[in-house]
Amino acid sequence: VNGNVLVPKAGERTPRSDDPGSRRIVGNLLQAFPAELPNLPRVTERHLNTNAPQEIENREGFLRLDFKQGENSDVTVRYSITDYAEDPFELVLGRYPQTDLRNQGLRSSWTYRFSPSAVGQFGFDFDRATAALSLTEAYRNLFSPLGLGAQVPDVDFKGDSLQDLGPGTHFPRDRVQNRFQFYAGATKITGRHSLKAGWGTARVQVNDLQSDRSRGVLIFAADFGRSEIENFLLGRPTQLNIT
């Protein structure tokens, strides 16, 4: 994938804080930006046009089992699964979330022949769809000195001197949808007539987790008599917003 991003200039790639802890954290955050220097000075002095790979992986599986329980009874079970995983392109580390999708389906039925002209069936179906949009491991590792685990904040450059870090305040997001269906039916053939009767019921359940700013946003701005990039290199943010 090709795109343009705002990156530090050559003289803006070294932490300036006297505190060893701050220097380590800022040094890690600087690694989020590509190693290339700005190459589009006609746009702004920090614009870079660059490329990044994107990886997509698909996996599918299917299983079917048929059982014959005597002469008049049959059981069928089918299961299918589809996985989709997308490692986003990262012109700047962590700008987009990791995407993991999984769809599963279970089909089961029991058929019983009461007589050559009378057949009954009972079935259960289950479908499950899950979606997880989470932070990439590379972005979480940038904050490893803080020991925050997965709850690492976004970084917002208020004046947009540099590209913001992080996928956005509404990630991570998890969504699960379950669908349960029961059904039964019977068929009776009498002479030239076929009588059918049955019933079915279904339940759909959705669990959706999204919390804005739950990881927090670290804001760097032109405060304290310094530019926002100077404050960033010194490890002195203006605000931390968190819910």
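This text follows the structure it describes.
All of these numbers come straight from a predicted model, not from anything done at the bench. (Residues numbered from 1 in each chain as written. Predicted model: local features only at pLDDT ≥ 70, side-chain atom pairs only at ≥ 80, totals over all residues. Heavy atoms only, no water.)

Draft legend 1. Region of interest: the overall build of the protein. Looking only at helices and strands, the protein has three helices and eleven strands in total. When the elements of the protein are put in sequence order from the N terminus, they spell out β-α-β-β-β-β-β-α-β-β-β-β-α-β. Rg of the C-alpha trace for the protein: 28 Å, well past the compact-globule value of 18 Å for 243 residues, more than 25% over. With respect to the principal axes defined by its C-alpha atoms, the protein has extents near 95 × 35 × 30 Å. Expressed as a percentage of its 243 residues, the buried residues of the protein come to 32%. Long-range pairs, those at least 24 residues apart, make up 64% of the contacts in the protein between residues at least 6 apart in sequence. Of the roughly 14300 Å² of accessible surface on the protein, a fraction of 51% belongs to carbon and sulfur atoms. Side-chain charges in the protein split into 29 positive and 29 negative, and the spacing between the mean points of these groups amounts to 8 Å. (Helix = DSSP H or I, 4+ residues; strand = E, 2+ residues; numbered from the N terminus. Rg over C-alpha atoms; globule rule 2.2 N^0.38 Å. Buried < 20%, exposed > 50% of the residue type's maximum accessible area, 1.4 Å probe, protein only. Contact = heavy atoms within 4.5 Å. Areas by Shrake-Rupley, 256 points an atom, 1.4 Å probe, with all protein chains shown as cover. Lys, Arg positive; Asp, Glu negative; His and termini not counted. Charge placed at Lys NZ, Arg CZ, Asp CG, Glu CD.)

Draft legend 2. Spotlight on the packing of aromatic side chains. Tallied over the full model, the rule gives nine aromatic pairs. Ring geometry for Tyr 112 versus Phe 114: centroids 4.9 Å apart, planes at 70°, classification edge-to-face. Taking the relative accessible area as the measure of exposure, Tyr 112 reaches 31% and is therefore partly exposed. A relative accessible area of 58% means that Phe 114 is categorised as exposed. An aromatic cluster of three or more residues is present, and its members are Trp 110, Tyr 112 and Phe 114. (Phe/Tyr/Trp six-rings, centres within 6.5 Å; stacked < 30°, edge-to-face > 60°.)

Draft legend 3. Region of interest: the sheet that holds strand S8 (residues 173-190). Strand order in this open sheet of six strands is S3-S4-S5-S6-S8-S9, and the pairing throughout is antiparallel. Of all strands in the sheet, those with a lone pairing partner are strand S3 (55-68) and strand S9 (193-210), marking the two edges. Between one strand axis and the next, the sheet turns through 5° on average, direction left out of account. In this sheet, strand S4 (residues 73-87) lies alongside S3 in antiparallel orientation, the contact comprising 14 bridges. (Pairing = 2+ DSSP bridges. Axes fitted to C-alpha atoms, helices over the stretch in contact; angles between N-to-C directions.)

Draft legend 4. Quick look at the sheet that holds strand S7 (residues 154-157). With respect to topology, three strands assemble into an open sheet ordered S7-S10-S11, the strand pairing being mixed. The open sheet terminates on both sides in strands that have one partner only, identified here as S7 and strand S11 (239-241). Pairwise comparison of adjacent strand axes, ignoring direction, gives a mean angle of 25° for this sheet. The pairing of strand S10 (residues 217-220) with S11 spans three bridges and is antiparallel. When the sheet's bridge partners are listed, Val 217 is paired in S11 with Asn 241.

Draft legend 5. Molecular detail of the pattern of salt bridges. Following the criterion strictly, the structure yields 13 salt bridges and no others. The closest approach of N and O atoms between Glu 12 and Arg 46, which form a salt bridge, is 2.6 Å. With Glu 12 in the loop between strand S1 (2-6) and helix H1 (20-30) and Arg 46 in the loop between H1 and strand S2 (47-51), this pair connects stretches of sequence that are 34 residues apart. We note that Glu 12, like Arg 46, is buried. Across the pair Asp 127 and Arg 107 runs a salt bridge, and its minimum N-O distance is 2.9 Å. One end of the pair, Asp 127, is in strand S6 (residues 118-134); the other, Arg 107, is in strand S5 (residues 98-115), with 20 residues separating them in the sequence. Classification of Arg 107 by relative accessible area gives partly exposed; the value is 29%. Ionic contacts of the salt-bridge type, sharing partners, join the residues Lys 9, Glu 12, Glu 45 and Arg 46 into one network. (Salt bridge = Lys/Arg side-chain N within 4 Å of Asp/Glu carboxyl O.)

Draft legend 6. Inspection of the environment of Ser 227 at higher detail. Tracing the chain through its elements places Ser 227 in the loop between S10 and helix H3 (228-234). A relative accessible area of 33% means that Ser 227 is categorised as partly exposed. Note: C-alpha distance between Ser 227 and Phe 143 (84 residues apart in sequence) is 23 Å. In contact with Ser 227, not counting residues within four places along its chain, are Ala 221 and Ala 222.

Everything listed here is a matter of coordinates, which is why it stays silent on function.
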